[in-house]
Amino acid sequence: MTSYLLQRLVGVAVTVLFVAVTVFLMVRLLPGDPARVIAGVLASQQDVERLRTRLGLDQPLWRQGVIFLGDLVQGDLGTSARTSNSVTVEIGARFPATLTLAFASTVLAVAIGVPLGTFAAVRAGRLADLLVSTVVLFGISMPVYWLGLMLIIVFSIRLRWLPAAGAEGPLSLVLPAATLAFFSMAFIARITRSSMLEVLHQDYIRTAVAKGSTERSVVWRHALRNALAPVVTVIGLQFGELLGGAILTETVFAWPGLGRLLVDSIFARDYPTVQGLVIVFALLFALVNLAVDLFYGVIDPRVRYG
Amino acid sequence: MLALLLGGSALAQETFRIAIGVDADSLDPVQGTTTTIDNIVDYMAQTLIGIDENGALVPVLATEWTTSADGLTMDLTLREGVTFHDGTPFDAEAVVWNFERLLDPNVNVPRRGPYAPIESVEAVDDLHVRLHLTQPSPYMAGALTQTTAAIISPASVDMEGNSYENITHPVGTGPYAFESRALGERIVVRRFEDYWGEAPYYDEVVFQIVPEATTRESLLLAGQVDMIILPPASDIPALDANPAVEVVFGPSDRTIFIAINTTKPPLDDKRVRQALNYAVDKEAIVQGILFGAADVMDSPMAPSLFGYTSIGAYEYDPERARELLAEAGVEPGELTLDFMSPTGRYVQDFPASQAIANYLADVGITANVRTTDWPTYVGTITQGAESNETQLHLLGWAPAYLDASQQMLQFQQSQHPPAGLATSFYTNPEVEELIAQANSTVDEAQRADLYGQAARLIWDDAPWIFLWVQRFPIVHSADVTNVSGLPNEKFYAIYARPAD
């Protein structure tokens, strides 16, 4: 188990390094002079040159790369070109907001998605199943942006129950989390339904039914446990998505998270911050993946790590 | 995580909330590049000279200023009895220190340009400061109104997490003092009880960062903020009709135009450029696409600038456009132009560009409109003349301070890309001469006249399709009053208070 974990952690490090090199090269392929963009339209040529020197943009590419990787190995993501703050500080300041949002929406999505999918599987082919499938289809195809605005109009402007935007107090988490959870919830419900259907047709379920277990116990204790493996994979992936991909939701609800920081930084040609964020996202994805694999062992005793 | 959820829930009794669209790159006055953020810094740090609602210069931390007859020294008298938020006194030494920092090449100052003629700054006594200039610079008083030249406490430079190169906690002399900042989320300022001027009404002002215009509007309609800037343009008529809110159209100095690359045929022919101007019905676009949030240009600069003269208009006259094109030897259907437009940078920029392309089609010119992200856009239009393939591109230009010299940067050879941002590559020796004279003439009437002459020549040469001067929409709750706009795209809400 320990050697397996070590092996996997080395894998994570290699992945992150690979991503770091790639993103370093990619941001430099973008057209436009970052020094000019950052200095602003009214800056003098001398000031633009000075900024270029300060950002190291006057160095040859390989040299910039060496400096960048050297700093990275020491855990230094550099200094934001836009704000002059440390990139680590910038990312650190927004990380809790993104994590809170991702966590809340995942909990919400699982809490609704899994029972909904299970319920649909048990009632497969009947009206209830059809209803659930319709909701699922709706959830998967609904644009996040539109859903967010609708929720704001109903719950903030009309009913005045919930804050429309911002991150002040627990109530302000409700709308963005619900918006973000909607897609995941639908997706999780769909996977749970098909996984459950498969499990419900297996011999041991028939055995359980034959020996007189109640339907409730069969479905929720025996079947669901075994149907959950693919669902956990999906939850893990979705959580990763939510960490990085909540850009639209964060924008609509003015949520001060990493997605928005990424967009702002790209628009400002803030190379160090863009690099730092992509690397952090890569690290998060890799770690979430690892956590999902480890979790398999918990829910399915047949999975062993060699 | 818990702190995030619970943070900020303890609200002060009297809080004024403003939703803005961008987060601060920096709260350091010298490092700013965004008017919206300057606007916030202005609550905390003040300049020596300010501007009023009409764009006129008014005393702030300096009560008087005079320029010597040769234009080479400027004397300023400082306001007495002013203290910084940290309790240290505001005096000539503090001003000298701030100017030296502003001019220090080791400090990042994006808008340093206008201060280049300052050779040295001298403290004559506690309340008098003298600027020594390398050349007559009649626009210097205007330049001192920029937030870049705001004064912070020298004693605060290495406290509160500040460093000489980067101020994160500005300690100034303003009516409000810095309270807290959450990156990407909000900036909070608190009333400074020892403020030298009239005390504002609200204890606390919160600037909430809300990038999405529709969300800003929702926050206002839901009663969660008191004021927003830049609502979605298409909703302005509805907001105007809504009794719960009030729309204020702040004046602006931002001219919106289509720069014509004057170096390449047939656009190097003045008649073709004039034809482009006659071909577009600007008034119709302002009404139909900008929902009235602009005024059609009648001069190459906004009326709020010193040195502005009204010249006239290129009236919508497609017939005249066709004639001019024929005279220039451009047959209908023969000319195809590449037309770049940003999206979302200025009010309704891309839809307006599409409408303009339609008007050009009416006179037999095909204009292919395309758009890119802003950094790519700036990168493309600021290529040097040899490699610059752009033909038409829409751009906005807001002078850093309200002086014709700032607008004229657009019509000077020294400002052609890559050195500057005069992206139409326009040049006219007569205009160059007039601007150079105006920039160093101390007599105000004479100076204004010289800019007026230059403006007429530019208008006739038509290096741009002159479009409109944008207005700056501010929307506030009908429950508050005393909110207005300044002509440099700043809001003025320091003395906002509940409506009776």
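Residues numbered from 1 in each chain as written. Chains lettered and ligands numbered in written order. Predicted model: local features only at pLDDT ≥ 70, side-chain atom pairs only at ≥ 80, totals over all residues. Heavy atoms only, no water.

*Asks:* Explain the overall build of chain A to me, please; I cannot follow it from the model alone.
*Replies:* Summing up its helical and strand segments, chain A has 13 helices and 0 strands in all. Each helix and strand of chain A, ordered N terminal to C terminal, gives the series α-α-α-α-α-α-α-α-α-α-α-α-α. Projecting the C-alpha coordinates of chain A onto the three principal axes gives extents of approximately 85 × 55 × 30 Å. Of all 306 residues assigned to chain A, the portion counted as buried reaches 47%. Just so you have it, chain A exposes about 14,700 Å², and 70% of that area is on carbon and sulfur atoms. The centroid of the 24 positive side-chain charges in chain A is displaced by 8 Å from the centroid of its 18 negative side-chain charges. (Helix = DSSP H or I, 4+ residues; strand = E, 2+ residues; numbered from the N terminus. Buried < 20%, exposed > 50% of the residue type's maximum accessible area, 1.4 Å probe, protein only. Areas by Shrake-Rupley, 256 points an atom, 1.4 Å probe, with all protein chains shown as cover. Lys, Arg positive; Asp, Glu negative; His and termini not counted. Charge placed at Lys NZ, Arg CZ, Asp CG, Glu CD.)

*Asks:* Looking at this model, I keep getting lost on the sheet that holds strand β8 (residues 176-182) of chain B. Mind explaining?
*Replies:* Hydrogen bonds between backbone atoms are what pair the strands of a sheet, whose relative direction is either parallel or antiparallel. All names here are of chain B. A sheet is described by the order of its strands in space; here 7 strands give the open sequence β8-β9-β10-β1-β11-β19-β12, paired in mixed fashion. At either margin of the open sheet sits one strand with a lone partner, and together these are β8 and β12 (245-250). On average, each strand axis in the sheet is inclined to that of its neighbour by 20°, with strand direction left out of account. (Pairing = 2+ DSSP bridges. Axes fitted to C-alpha atoms, helices over the stretch in contact; angles between N-to-C directions.)

*Asks:* Is there a simple way to explain the packing of helix α7 (residues 270-279) of chain B against helix α9 (residues 318-327) of chain B in this structure?
*Replies:* Helix-helix packing is characterised by the crossing angle of the two axes and by the distance between the axes. Residues and elements named next belong to chain B. With their axes 8 Å apart at the nearest point, α7 and α9 run at an angle of 165° to one another. By the angle between their directions, the pair α7 and α9 is classed as roughly antiparallel. The way α7 lies across α9 gives a crossing that is left-handed. Of the residues in α9, those touching α7 at R271, V272, Q274, A275, Y278 and A279 are P318, R320, A321, L324, L325 and E327. Each residue belonging to the contact of α7 with α9 can be placed in one class, and the counts come to 8 nonpolar, 1 polar and 3 charged. (Parallel < 35°, antiparallel > 145°, perpendicular 65-115°, else oblique. Left-handed = near helix turned anticlockwise from the far one by under 90°. Contact = heavy atoms within 4.5 Å. Nonpolar A, V, L, I, M, F, W, Y, C, P; charged D, E, K, R; others polar.)

*Asks:* Is there a simple way to explain the side chain of T441(B) in this structure?
*Replies:* Within the secondary structure layout, T441(B) lies in the loop between α13 (429-440) and α14 (444-461). Among residues more than four places away in sequence, those in contact with T441(B) are P138(B), Q446(B), R447(B) and L450(B).

*Asks:* Teacher, can you tell me more about the packing of aromatic side chains here?
*Replies:* Here the distance between the centres and the angle between the planes together describe a pair of aromatic rings. All names here are of chain B. All told, the structure shown has 19 aromatic pairs over all chains when counted by the stated rule. Arranged with centres 5.7 Å apart and planes meeting at 50°, the rings of Y43 and Y176 form a pair that is tilted. Of this pair, Y43 sits in helix α2 (residues 35-44) while Y176 sits in strand β8, and the two are 133 residues apart along the sequence. Y176 sits in the buried class, given a relative accessible area of 0%. Aromatic side chains W97 and Y164 sit 6.3 Å apart centroid to centroid with 75° between the ring planes, which places their arrangement in the edge-to-face category. Of the two residues, W97 sits in helix α3 (residues 92-103) while Y164 sits in the loop between α4 (140-143) and β8, which places them 67 residues apart along the sequence. (Phe/Tyr/Trp six-rings, centres within 6.5 Å; stacked < 30°, edge-to-face > 60°.)

*Asks:* Please explain the nonpolar core as it appears in this structure.
*Replies:* Soluble globular proteins tend to bury their nonpolar side chains together. By size, the foremost hydrophobic cluster in this structure holds 74 residues, and its most contacted members are I285(B), L360(B), M408(B) and W468(B). Ignoring any residue separated from it by four or fewer positions in sequence, one finds M408(B) in contact with M301(B), I435(B), Y451(B), A454(B), A455(B) and I458(B). Judged by nonpolar contacts, the second largest core, of 43 residues, contains L77(A), V87(A), L262(A) and Y271(A). (Core = buried A, V, L, I, M, F, W, Y, C linked by side-chain atoms within 4.5 Å.)

*Asks:* What exactly am I supposed to notice about the pairing of strand β1 (residues 15-20) of chain B here?
*Replies:* Successive residues of a regular strand alternate their side chains across the two faces of the sheet. Residue and element names in this part refer to chain B. For β1, the buried fraction is high: 6 of the 6 residues fall into the buried class. Neither face of β1 is open: one carries T15, R17 and A19, the other F16, I18 and I20, and all of them are buried. One ladder, built from 6 bridges, connects β1 with strand β10 (residues 204-209); its direction is parallel. Note on β10: the bridge partner recorded for A19 is Q208. With 2 bridges connecting them, β1 and strand β11 (residues 227-229) associate as parallel partners. Residue pairing across strands places A19 opposite I228, the latter belonging to β11.

*Asks:* Even after reading the chapter, I still don't get the interface of chain B and chain A, so can you show me in this structure?
*Replies:* Interfaces are frequently sized by the accessible area removed from exposure as the parts join. Each side of the interface is counted separately: chain B has 48 residues, and chain A has 52 residues. Between chain B and chain A, roughly 4,100 Å² of surface is buried when both sides are summed, and carbon and sulfur atoms account for 58% of that area. On inspection of chain B and its partner chain A, the count reaches 4 salt bridges. Of the charged contacts, one joins E168(A) and R17(B) as a salt bridge, the two residues approaching to 3.2 Å between their closest N and O atoms. Between the two partners, chain B and chain A, sit 11 residue pairs in polar contact (both at pLDDT 80 or more). (Buried area = accessible area lost by both parts, 1.4 Å probe. Salt bridge = Lys/Arg side-chain N within 4 Å of Asp/Glu carboxyl O. Polar contact = N/O pair within 3.5 Å; in protein donor to acceptor, adjacent residues only side chain to side chain.)

*Asks:* In this structure, what is going on with the pattern of salt bridges? I would like to understand it.
*Replies:* Side chains that differ in charge, positive against negative, can pair when their charged atoms come close. In total, this model carries 26 salt bridges over all chains according to the counting rule given. One salt bridge connects R8(A) with D293(A), and the closest N-O pair in it is separated by 2.7 Å. With R8(A) in helix α1 (residues 2-29) and D293(A) in helix α13 (residues 271-299), this pair connects stretches of sequence that are 285 residues apart. Residue R8(A) is classed as partly exposed on the basis of its relative accessible area, which comes to 22%. Between D403(B) and R447(B) there is a salt bridge, with its nearest N and O atoms 2.8 Å apart.

*Asks:* It is not clear to me how the sheet that holds strand β16 (residues 365-370) of chain B should be interpreted in this structure. Could you clarify?
*Replies:* All names here are of chain B. On the basis of which strands lie adjacent, the open sheet formed by 6 strands has the order β14-β18-β13-β17-β15-β16 and mixed pairing. The strands lining the two open edges of the sheet, one partner per strand, are β14 (294-296) and β16. Ignoring strand direction, the axes of neighbouring strands in this sheet form an average angle of 30°. Bridge count for strand β15 (residues 335-340) against β16 is 6 bridges, and the pairing is parallel. Following the sheet pairing, L337 is matched in β16 by A367.

*Asks:* Which parts of the structure should I look at to understand the pairing of strand β17 (residues 392-397) of chain B?
*Replies:* Residue and element names in this part refer to chain B. Of all the 6 residues making up β17, 6 are buried; the element is thus mostly covered by neighbouring parts of the structure. Where burial is concerned, the two faces of β17 agree: the one with L392, L394 and G396 and the one with H393, L395 and W397 are both buried. In terms of strand pairing, strand β13 (residues 255-260) meets β17 through 6 bridges, oriented antiparallel. Considered in β17, the bridge of F257 is made with L395.

*Asks:* Just checking my understanding: could you explain the confidence of the model for chain A for this structure?
*Replies:* Interpreting fine coordinate detail is not advised for predicted regions of low pLDDT. Looking at chain A as a whole, the pLDDT averages 84, with 94% of positions reaching at least 70. At the low end of the mean pLDDT range in chain A sits helix α2 (residues 34-39) of chain A, at 72; at the high end sits helix α5 (residues 87-122) of chain A, at 91. (pLDDT = per-residue confidence, 0-100.)

*Asks:* Could you clarify how one ought to interpret the environment of D47(A) in this entry?
*Replies:* Position of D47(A) relative to the elements: it lies in helix α3 (residues 45-54). Among the residues examined, D47(A) registers a relative accessible area of 8% and is labelled buried. Sequence spacing of D47(A) and A35(A) is 12 residues, and the spatial spacing of their C-alpha atoms is 9.2 Å. For D47(A), the contacting residues outside a window of four places in its chain are V109(B) and R112(B).

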